[in-house]
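Analysis of the macromolecular model
Next come the chains, spelled out residue by residue.
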Amino acid sequence: MSTLPCKRNGNKGIIPCRERRNCPFGLGLALSLGLCGFLFLCQPRVAAQAGPPPPQGSSSEAAASSQLLSVRLVPEEATLWGARAVQRFLVLGKYADGLERDISKRSRFSIADSGIAKVDERGRVAALADGPTVLSAQVEGRSANSRLRVEGSEEIRPFSFAQDIGGIFTKQGCNSGDCHGGVKGKGGFKLSLNALYPQDDYKWIVEGGVYQVLTAESGGPKEPRINREEPEKSVLLLKPTFSVPHGGGQRFALDSPDYETILNWIRQGTPYGEETGTQTVAVERLEIYPRSTVLDLEGSQQLLVTAHLSNGQQEDVTGQVLYVSNNPEVVQVTSEGLVKAVKTGETAVLIRAAGHAISAGFGVIAAPLSGYPEVKPRNLIDEYVLAKLRRFNIMPSGLASDEEFLRRVCLDVTGTLPPPQRVRAFLASQNTRKRDQLIEILLQSPEYVDYWTFRFADLFRVSYEAGPGANARMYWQWIRDSVAENKPYDRMAGERLAGQGYNGPTRHYYNGSDLRRHTDVMAEQVRVFFGRRLDCAQCHNHPYESWSQDQFWGMTAFFGRFTQLWDLGGGPAILIDDPAGHGMYGNGEKVIHPRTQEEVPPRFLDGTLLPADERTDPRMRLTEWMISHPYFAEAIVNRMWGYFFARGIVDPVDDFHSTNPPTHPDLLKALAKDFRKQGHDLKHLIRLIVQSRTYQLSGSPNPTNREDRTNYSRSLPRPLDAEVLLDAISQVTETREDFRMYPGNTTRLFFMRLPSGTRAIHLGRPDLLPSRFLDLYGRPDRQMVPERKGEANLGQALHLIAGPTYNSKFSQPGGRLDRLIRSGASDRHIIEELYLAALCRFPTAPEQVELEEMIAGRSSRQEALENLLWALVASRQFAYNH
C-alpha cells in the first residue's frame, strides 16, 4: 500500500495536518501529539484505483454512432380478450454499445389480417374480431413480428366497482396517502389507500359520513358524494373536474373517459358489481415490463403494465394506473408510463392499480463503456451483482489486499481483531486457498459463537425486560446454545414464536414479571421474522402501505390466549396458550377489535381464517405458516446481508414495502431460495457471503464506481458497533474494561457479577450496566427492535479527546505498550506491533521512517509511543471496518 500523496513534498510522504481540512480528528491529534504526520491515520486507507477514464462525449453522440444490431417486439405474443380490448406493443433495438433502447416511435407497424385487429402509429393494437394474426414492426431496414390472438371480442366485461371506479381514484391519485387515502381522509371524504378496501369506499361514496378512527360508526351528518336524481351534480364529479372548488385541483376533464365512466355508473343506480349474479373478473396480480432497465441521458422507455385476471386472461392496463418516480431528479414519468432520463443515477418507478402495487428499476448512465473487463464470479452472489454492474456500466474495484480482507472478515465473522502473530502468519502465507481456509477457521471458532450470540441477543432483545435473575440468563443461554450448535434458523424462530412452558425463548414474552401486550408481541414478531412493519395498522389502516387494521388484529389474535400459570409455592411462572379460554389463571384476554368492539378470530396476513378446530394451539399454527412463507427467508437473508455490507438489499433491513424495493430483487430471491434449500443454515449463508468476490472487493474506488453506494461495486467503510469498538480498544491496548451496576442496585443477578475484563459483547443485560462510551457510540437499549446509528457526534469527539477510554488505557501498567517497552523492544518493532494489532497491516516504509524520526526527536519516548497508540486507536482506519 502506498501512503496518501502529499502536495508539499512531491507526493513522497504523509499529508501534513494543515492539508487535511476534512480530518475530523485533526484538532485532537495536533494538540495531543504535536506530530502532524500521524494525521494520515484519520481516514480509511482508500487510494484511487487505476481504471478507465470517465466516458467522454454526450450520450446522444454515443447513441448516434452506435450501430443498431437487432430489433424485437414486446410482448412476443399476446391474447386480446373482451370487447374493446387494446394491447400496446414496444419495439426494442439492441445496439453495438450494449444498450437496448425503446425505438417504438421510429417504427412502422402493420397487421397481417386487418379484419382481426387494427394498429395505430404508436403500436397500440385494438381487437376487432376473434382469430389469430401477426403484428409486424419495421425500423431502419430491420423487422420483428409478434403473434397475437383475439378472443371473446363480443364479450362485455362485467362491471366491477373495485376495478372500474376504484381504478379511476387510484390512477388520479385521489386515494393516495396524502389525499383522501390518508388516515382520516381529506375534506370530510375518506377513501381506502389504493382502493384496497372497495366495500368501504362504496359506503363512503354512496352513504357518506365522516370517518372515525376508533369506531366503525360514522361521525357527523351523512352526505353522499353522488346524486342519483341529477347525476351530473354529484360531488364525486363536480370536485375532480373543478366545476366547484377542490383542494386537489382538476383530476379529469368533463369530456374524459373517467368522467364518462363515473357518470354512467351513477345513472345506472351505483351498482357494486355483484348484484347481477355474474362473476366479477378480478385482477390477481400486476406484471411490469421492463422490470429493470438502463437508459442513457437522452433515453426514454415506455412501460407496459399487464393485469393477470381471475379468469386466466390478461389485460393491458398501461393507461389505467398511477406512475410515481421515487426520484424525479433521476427519471421522470408521464401519466401514460413514458419514463424519461434526467441525470445519472438509479431509482424506481412505482406503479399503482386498484388494490395492487409494483415497481420497475431504472438506471441512467452518461455513456456506455467500451472494453468492459471480464470479471469471474465465485458464487451465485457474484453472478447477480456483476451482471447488474455490467448493465449499469459500473466497473467493480479489484480484490482487497490480504491485509484488508483479514481485518474485515475477522471483525465481520467474530467481532474480534486477529492478534499480531496471526496477521504475520496470514500475510506471509503463499497458500492460494488461505482465504477460504481462514473463513472455515473463523466459523468454527469460539469467537464466532460469542459474536453471533451478541448479534442475536441484540436482535431478540435480551434485557431486563426478560425478567429478573435466571430468566434473562436462560434466554441468553438459549441463544448461545442455538448459535453453538448451528441450529437451523427456522427452528430457532419457531421455538421463540411458539414457545410454551418455562424455558429460554418464552422469556421474550415477559416484561419484568408480567406478560407483554399481545399487540406489541405480534408487531415485533412480524418485523423480526417477516421484515414488515405493521405498527401503524393498530389503530387504523396503514396510511402508506397495504396493511389493514383488520390484518393487524387478525394476526394479534394468535397471541390472545397467552396465560401464565403461577406456582403458588413461589416458583416461576409458566407460559401457556390456555386452550380453555382467556386468562382463567393468568392475564390473557380476548382480542377485541377497537373499531367493531367484536372478538377477533386468528387470521393470517393473506386473509385465511384459522379453522376453529385448530385454535387449541394457535401460535404453533402461526409458526408453521410464517416459516414456510417466502417473507421469512427473504427477511433473514436481507438482515444478514446488512450485517456484512452496512445496508440491506432492502434498506432498512426490516422495512420491506412497495415504495422501498430491493436494489437486487433477483439476488434476494436467489439467496432466499438457497437458504431454504440448505435447511436455513446460517453458517452456510455467512460462508456464501464472505467467500463471494463481491464481499472481498477492495474499498479503493475507480472512476466508474466512485459515487456508487447501492450496487456493491466496492467495499464501503462501516463504523464498528459500539461494543465491538470498545472490545477492540481493550484488545489492542491489552487492558481490561470494568462494568458496574447502576448505583444503589443491589440485586444479585448473574449478569451483575461481571468479572474484570468481561467483553462488551458478553453483556447479556446491557440495559443494567452503564457505559458512557457505549451510549455515545450507539448502543441500543433493547427496549425495541434495535436500530443502530453509526453517525459521528459531538459527544464522541469530546470523548476522543478527554474521555477515559481513549486516555487511560494507553499507559496502564501491564498493557501492550508497557509490556513492549519493558521488554526492550526497538522503536521499529513497537511500531510494527501496534500497526499489526490495530490495523492488521505493517506500516509502509515512509510511515516507518517518519515515525521513527518523530519518536527519536521527542524528549519522552514513552509519551511519543503513547501518542502513536492513541493516534492509531483514534483513527477512522481503526474505528471502521473497510
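In the block above lies the structure referred to throughout.
Not measured: the values here are computed from a predicted model. Per chain, the residues get numbers from 1 upward, laid out in the order the sequence is written. It should be noted that, the model being predicted, local features are given only for residues of pLDDT at least 70 and side-chain atom pairs only at 80 or more, the latter also being counted only at that level, while totals for whole chains, interfaces and linings use all residues. Hydrogens and water molecules were not included; the side-chain quantities draw on all heavy atoms of the structure.

**Some words on the overall build of the protein chain**
The helix count covers DSSP runs of H or I at least four residues long, the strand count covers runs of E at least two residues long, and both are numbered beginning at the N terminus. The helix and strand tally for the protein chain stands at 28 helices and 26 strands. The cut-offs for exposure are 20% and 50% of the maximum accessible area for each residue type, with area from a 1.4 Å probe on protein chains only; residues under the lower value are buried, those over the upper are exposed, and the others partly exposed. The proportion of buried residues among the 882 residues of the protein chain is 54%. Note on definitions: a residue-residue contact is assigned when non-hydrogen atoms from the two residues lie within 4.5 Å. Summarising the internal contacts of the protein chain: among those between residues at least 6 apart in sequence, 63% fall at separations of at least 24.

**Thoughts on the sheet that holds strand 7 (residues 117-119)**
Read from one edge of the open sheet, three strands run 3-8-7, paired in antiparallel fashion. The open sheet has two edge strands with one neighbour each: strand 3 (86-88) and strand 7. Averaged over all pairs of adjacent strands, the angle between their axes in this sheet comes to 20°, without regard to strand direction. For strand 3 and strand 8 (residues 124-127), the ladder comprises three bridges, and the chain directions are antiparallel. Bridge pairing links Q87 to V125 in strand 8. Whether two strands pair depends on DSSP finding at least two bridges between them. Angular values range over 0 to 180 degrees, each being the angle between N-to-C directions of two axes fitted as lines to C-alpha atoms, with helices fitted over their stretch in contact.

**Digging into the sheet that holds strand 6 (residues 108-111)**
Read across the sheet, four strands follow the order 2-10-9-6 without closing on themselves; strand pairing throughout is mixed. The open sheet has two free edges, formed respectively by strand 2 (77-81) and strand 6, since each of these has just one partner strand. In this sheet, adjacent strand axes meet at a mean angle of 25° when their direction is disregarded. Here strand 2 pairs with strand 10 (residues 142-151) via five bridges, running parallel. Counted as the bridge partner of L80 is V150 from strand 10.

**What about the pattern of salt bridges?**
One side-chain nitrogen of Lys or Arg within 4 Å of one carboxyl oxygen of Asp or Glu is enough to make a salt bridge. Tallied over the full model, the rule gives 50 salt bridges. When salt bridges with common partners are traced through the structure, they connect R455, D458, D721, E723, R782 and R788 into a single cluster.

**Some remarks on the nonpolar core**
Among the buried residues, those of types Ala, Val, Leu, Ile, Met, Phe, Trp, Tyr and Cys that are joined through side-chain atoms within 4.5 Å form a nonpolar core. W452, F456, F460, I479, F644, Y806 and F878 are the most contacted members of the largest nonpolar core, which has 147 residues in total. With sequence-adjacent residues up to four places away left out, F878 is seen in contact with R407, L417, L720, L725, A728, I729, V732, A838, L839, L872 and V873. Membership of the second largest hydrophobic core comes to 24 residues, among which are V281, I351, A360 and V364.

**What about helix 27 (residues 861-874)?**
In this analysis, the expected span of each helix is defined as 1.5 Å times one less than the number of residues it contains. The end-to-end C-alpha distance of helix 27, which contains 14 residues, comes to 20 Å, matching closely the 20 Å that a straight helix rising 1.5 Å per residue would cover. Counted residue by residue, helix 27 has 11 buried out of 14 residues, so it is predominantly covered. Within helix 27 the residues assigned to the buried category are A864, L865, E866, N867, L868, L869, W870, A871, L872, V873 and A874.

**Side note on helix 3 (residues 161-171)**
Helical geometry: 3.6 residues make up each α-helical turn, so side chains three or four residues apart lie on a common side. Of all 11 residues in helix 3, eight are buried, a share of seventy percent or more. F161, Q163, I165, G166, G167, I168, F169 and T170 are the residues of helix 3 that are buried.

**Describing the packing of aromatic side chains**
Here is the rule: rings of Phe, Tyr and Trp (six-membered ring for Trp) pair when centre to centre is within 6.5 Å. Planes less than 30 degrees apart are stacked, more than 60 are edge-to-face, and the remainder are tilted. For the coordinates displayed, the defined rule picks out 35 aromatic pairs. Arranged with centres 4.4 Å apart and planes meeting at 25°, the rings of F773 and Y777 form a pair that is stacked. Classification of F773 as buried rests on a relative accessible area of 2%. For Y777, a relative accessible area of 15% corresponds to the buried category. Geometrically, a lysine NZ or arginine CZ counts as sitting over a ring once it is within 6 Å of the ring centre and also within 35 degrees of the ring normal. Sitting over the face of the ring of F392, K388 holds its NZ or CZ atom 5.1 Å from the ring centroid.

**A few points about the packing of helix 25 (residues 827-839) against helix 26 (residues 845-856)**
Orientation of helix 25 relative to helix 26, taken along the N-to-C sense of each, is 120°, at an axis distance of 10 Å. In terms of orientation, helix 25 and helix 26 fall into the oblique class. Note that helix 25 runs across helix 26; the crossing there is right-handed. Between helix 25 and helix 26, the residues in contact are D827, R828, I831, E832 and Y835 and E847, Q848, L851, E852 and I855, respectively. Under the grouping applied here, Gly and all other residues not named as nonpolar or charged are polar, the nonpolar ones being Ala, Val, Leu, Ile, Met, Phe, Trp, Tyr, Cys and Pro and the charged ones Asp, Glu, Lys and Arg. In terms of residue class, the contact of helix 25 with helix 26 is built from four nonpolar, one polar and five charged. An angle below 35 degrees is read as roughly parallel, one above 145 as roughly antiparallel, one from 65 to 115 as roughly perpendicular, and any other as oblique. Crossings are sorted by hand: turned counterclockwise from the far helix by less than a right angle, the near helix makes the crossing left-handed, and turned clockwise it makes it right-handed.

**Here's the deal with the packing of helix 3 against helix 4 (residues 198-206)**
In helix packing, the relevant descriptors are the interaxial angle and the interaxial distance, both defined with respect to the helix axes. For the pair helix 3 and helix 4, the least separation of the axes is 10 Å and the interaxial angle reads 70°. Between helix 3 and helix 4, the crossing angle belongs to the class labelled roughly perpendicular. Packed against helix 3, whose contacting residues are F161, A162 and F169, the element helix 4 presents P198, D201, Y202 and I205 at the interface. In terms of residue class, the contact of helix 3 with helix 4 is built from six nonpolar, no polar and one charged.

**Side note on the side chain of N702**
Mapped onto the fold, N702 is located in the loop between helix 19 (682-691) and strand 25 (718-719). Residue classification places N702 among the buried positions, given a relative accessible area of 1%. Pairs of N or O atoms within 3.5 Å make up the polar contacts considered here, provided that, within protein, one atom can donate a hydrogen while the other can accept it, and that residues adjacent in sequence are counted only when both atoms are side-chain atoms. At 2.6 Å, the side chain of N702 and the side chain of T704 are in polar contact.

**A word on the pairing of strand 24 (residues 574-577)**
Because side chains alternate across strand 24, one face comprises the buried residues L575 and D577, and the other comprises I574 and I576, none of which is buried. Of the pairings in the sheet, the one linking strand 23 (residues 562-565) to strand 24 comprises four bridges and is antiparallel in character. Pairing of F562 across the sheet is with D577, part of strand 24.

**Focus: the state of the cysteines**
Here is the idea: a disulfide is a covalent bond, and it sits between the sulfur atoms of two cysteines. In plain terms, two cysteine sulfur atoms within 2.5 Å form what is called a disulfide here. Inspection of the entire model under this criterion finds zero disulfides. Cysteine C174 remains unbridged, with the sulfur of C179 as its closest cysteine sulfur at 6.0 Å. The buried category is assigned to C174, whose relative accessible area is 10%. We note that C840 lacks a disulfide partner, and the nearest cysteine sulfur, in C410, lies 6.7 Å from it.

**A few points about unusual backbone geometry**
What you tend to see is this: most non-glycine residues have negative phi, and most peptide bonds are trans. With omega at -10°, the peptide bond leading from Y289 into P290 counts as cis. Summarising the element assignment, P290 is placed in the loop between strand 11 (283-289) and strand 12 (292-296). Unusually for a residue other than glycine, Y712 sits at a positive phi of about 60°. Counting through the fold element by element, Y712 comes out in the loop between helix 19 and strand 25.

**Thoughts on the environment of K376**
For K376, the position within the fold is in the loop between strand 20 (356-365) and helix 7 (380-391). Spatially, the C-alpha atoms of K376 and L386 are 8.7 Å apart, while their sequence positions differ by 10 residues. Apart from the residues lying within four places of it in its own chain, the contact partners of K376 are L386 and R693.

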